[in-house]
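Architecture at a glance
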Amino acid sequence: MKLYYDFHIHSCLSPCGDMDMTPNNIVNMSILKGLDIIAVTDHNTCGNCRAIMEVGERNGLIVIPGMELNTREDVHVLCLFNDIEKAEEFSCYIYNNMQDIINKKEVFGEQIYMNSQDEAVGIEEKLLITASNIGIYETISLCREYNGIVIPAHIDKSSYSILSVLGFITEDMNFSVYELSPRAVEDDILRKQKLLKDKLIIRNSDAHYLWDIAEREHFIEVSSSSIKKVLEYISGIDD
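Note that the structure is predicted; figures quoted are calculated from it, not measured. (Residues numbered from 1 in each chain as written. Predicted model: local features only at pLDDT ≥ 70, side-chain atom pairs only at ≥ 80, totals over all residues. Heavy atoms only, no water.)

Side note on the environment of Tyr5
Just so we agree on the cut-off: Secondary structure elements are taken from DSSP: a helix is a run of H or I of four residues or more, a strand is a run of E of two residues or more, and numbering for both begins at the N terminus.
Tracing the sequence through the fold places Tyr5 in strand S1 (residues 2-9). Taking C-alpha positions, Tyr5 is 19 Å from Arg50, a pair spaced 45 residues apart along the chain.

Regarding the pattern of salt bridges
The following threshold applies: Between Lys or Arg on one side and Asp or Glu on the other, a salt bridge is scored when a side-chain nitrogen of the former is within 4 Å of a carboxyl oxygen of the latter. Summary of the burial criterion: residues with accessible area below 20% of their type's maximum are buried, those above 50% are exposed, and those between are partly exposed, where the area comes from a 1.4 Å probe applied to protein chains only.
Taken as a whole, this structure holds 13 salt bridges when the rule is applied. Between Glu215 and Lys33 there is a salt bridge whose closest N-O contact spans 3.2 Å. Of this pair, Glu215 sits in the loop between strand S9 (200-203) and strand S10 (219-221) while Lys33 sits in the loop between helix H1 (23-32) and strand S2 (37-43), and the two are 182 residues apart along the sequence. The shortest N-O distance in the salt bridge between Glu232 and Lys228 comes to 2.5 Å. Here Glu232 and its partner Lys228 are both found in helix H8 (residues 227-234), four residues apart, which amounts to about one turn of the helix. Taking the relative accessible area as the measure of exposure, Glu232 reaches 15% and is therefore buried. One salt-bridge network, held together by shared partners, links Arg50, Glu85 and Glu88.

Overview of the nonpolar core
Our working definition: As used in this record, nonpolar core signifies buried Ala, Val, Leu, Ile, Met, Phe, Trp, Tyr and Cys residues forming a set joined through side-chain atoms within 4.5 Å. For this analysis, residues touch if any pair of their heavy atoms sits within 4.5 Å.
Counting residues in each nonpolar core, the largest one holds 71 residues, and the members touching the most others are Phe7, Ile64, Phe90 and Ile162. Apart from the residues lying within four places of it in its own chain, the contact partners of Ile162 are Val75, Ile136, Pro152, Ile155, Gly167, Phe168, Ile169, Met173 and Phe175.

Things to note about the sheet that holds S2
Stated precisely, the cut-off is as follows: For two strands to count as paired, DSSP must find a minimum of two bridges between them. Helix axes are fitted only over the stretch in contact, all axes being lines through C-alpha atoms; the angle between N-to-C directions runs from 0 to 180 degrees.
On the basis of which strands lie adjacent, the open sheet formed by six strands has the order S7-S4-S3-S2-S1-S10 and mixed pairing. Two strands lie at the open edges of the sheet, namely strand S7 (148-152) and S10, each paired on one side alone. With direction set aside, neighbouring strand axes in the sheet form an average angle of 30°. Sheet topology note: the strand S3 (residues 62-70)/strand S4 (residues 76-81) ladder contains five bridges and is antiparallel. Bridging across to S4, Asn70 finds its partner in His76. Strands in contact with helix H2 (residues 49-59) are S2 and S3; relative to S3, the strand with the most contacts, it is inclined by about 160°.

Some points on the environment of Arg72
Here is the rule: The definition of a polar contact used here is a pair of N or O atoms within 3.5 Å, where within protein one atom must be able to donate a hydrogen and the other to accept one, and adjacent residues in sequence count solely through side-chain atom pairs.
Within the secondary structure, Arg72 sits in the loop between S3 and S4. Residue classification places Arg72 among the partly exposed positions, given a relative accessible area of 43%. On a C-alpha basis, the gap between Arg72 and Ile134 in space is 5.2 Å, while along the polypeptide they are 62 residues apart. Contacts of Arg72, omitting those with residues within four sequence positions, involve Ala131, Ser132, Asn133, Ile134, Gly135 and Glu138. Reaching out from Arg72, the side chain makes a polar contact with the side chain of Glu138 at a distance of 2.7 Å.

Keep in mind these values describe shape, not function.
Structure below.
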């Protein structure tokens, strides 16, 4: 079956996320856009995933719990998880492996925890967009411990991408899928990076505003519409 997706969406818990990126607004806009499945990927946290998953379940939208992890090298990678419990455990691990820098909301924006009724239930004081203490080569094995997978984010961008920071992709990194931003020219990327030719390439919105959530354009074909099957497909092991 075809599932139209957007696996890179920020909520109002990301300091750069708009305050309109609430659980109900994200789910309802995704449905209006015609999507079947989304992932919530705030910076270095899964703190709003549970609430958005609850709203998605009420409205027939599959929501994958996730995170946009900032590695030690300042490379952004998406971490997607099979279940919310493991995602939250991973989130706690990352939180404890970040610098204790207090967020300046007037500079970076507020970081709001919400429940499934779009009510603010807390404010995160630690700045979430700093680099963690997790290296790029550690991410796959670490995520696997928490039933998750890793996707290098927006590899075509000039900042915070694996190519802009490290300048290379090697086989021993063992990534099976890579993300391009919506306007990237895929042929150009593939010509420059031969190792990507046999890899799955997906396109996500990296939405920080409701209107940026992806349209019904990109899809994957999986044997069933479960988070487990979607992650298996992305990892190259779907039957």
